[in-house]
Amino acid sequence: MTVTAISVLIVIAALPGAAMALHRRLGNREWIDPASSVVSLLLAAVTALCAWLGTAPTTHALSVMGSLAATTAAVTAGGAIVRSVLIAGGVTGAPVSAAPPAGGPDEPEAGPLRGGRVIGYLERLAVVGTLLLGWPEGLAIILAVKSLARFPELRAPHASEQFIMGTFASVLWACGMAGVGHLLAV
């Protein structure tokens, strides 16, 4: 069961790249992000169930692989989750166009909170890292640093809504993936 759970985590980690390739072909980001988010959430539930049902003790190598796969899934798939929450909340931060940005898919989007994608990657990496290392107090430090760094920008229209919804979605996804990593390590 542990190998199955790790395999599913690897699929979750690969979903954003597949969704981006599909986005380039279909050109409809508002449909792609919620769809890939739903698939990610369903696969995460299956992974958690497989890890929970796995009664055989895992080896150290499988435990490390599970932690790495959970961390990768948290960091990579979290962006689609956050964008889906922002779309559902009506705060996207930038107009969604039918074509990818001029500089390519990795160009930062315009909006009240610039650099959110990279900050999100780092935030989810830090959250999963602190939880997998058994230091949940680190969450308070991560959220305090992010809040203080973003404080001057939160007066822009829709910035506070985007910040709150994006941060909650990102942190909850990372906590869930850390939980799956813990289940795999047991």
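Calculation rules
Residues numbered from 1 in each chain as written. Predicted model: local features only at pLDDT ≥ 70, side-chain atom pairs only at ≥ 80, totals over all residues. Heavy atoms only, no water. Helix = DSSP H or I, 4+ residues; strand = E, 2+ residues; numbered from the N terminus. Polar contact = N/O pair within 3.5 Å; in protein donor to acceptor, adjacent residues only side chain to side chain. Contact = heavy atoms within 4.5 Å. Salt bridge = Lys/Arg side-chain N within 4 Å of Asp/Glu carboxyl O. Buried < 20%, exposed > 50% of the residue type's maximum accessible area, 1.4 Å probe, protein only.

1. Points about the side chain of Thr 130
Position of Thr 130 relative to the elements: it lies in helix α4 (residues 116–132). Looking at Thr 130, its side chain comes within polar contact range of the main-chain oxygen of Val 127, at 3.0 Å. Other than its neighbours up to four places away in sequence, Thr 130 contacts Trp 135, Pro 136, Gly 138, Leu 139 and Ile 142.

2. Digging into the environment of Met 177
Following the sequence through the fold, Met 177 ends up in helix α6 (residues 159–185). Separated by 130 residues in sequence, Met 177 and Thr 47 place their C-alpha atoms 9.6 Å apart.

3. A short note on the pattern of salt bridges
A side chain of one charge can pair with a side chain of the opposite charge if their charged atoms are brought near each other. Tallying each qualifying case throughout the model produces two salt bridges. Two residues, Glu 123 and Lys 146, come together in a salt bridge whose shortest N-O distance is 3.2 Å. Of this pair, Glu 123 sits in helix α4 while Lys 146 sits in helix α5 (residues 138–150); the two residues are 23 residues apart in sequence, bridging distant segments of the chain. Each member of the pair, Glu 123 as well as Lys 146, is classed as buried. For Glu 153, the salt bridge is made with Arg 150, and the minimal N-O distance between the two is 2.8 Å.

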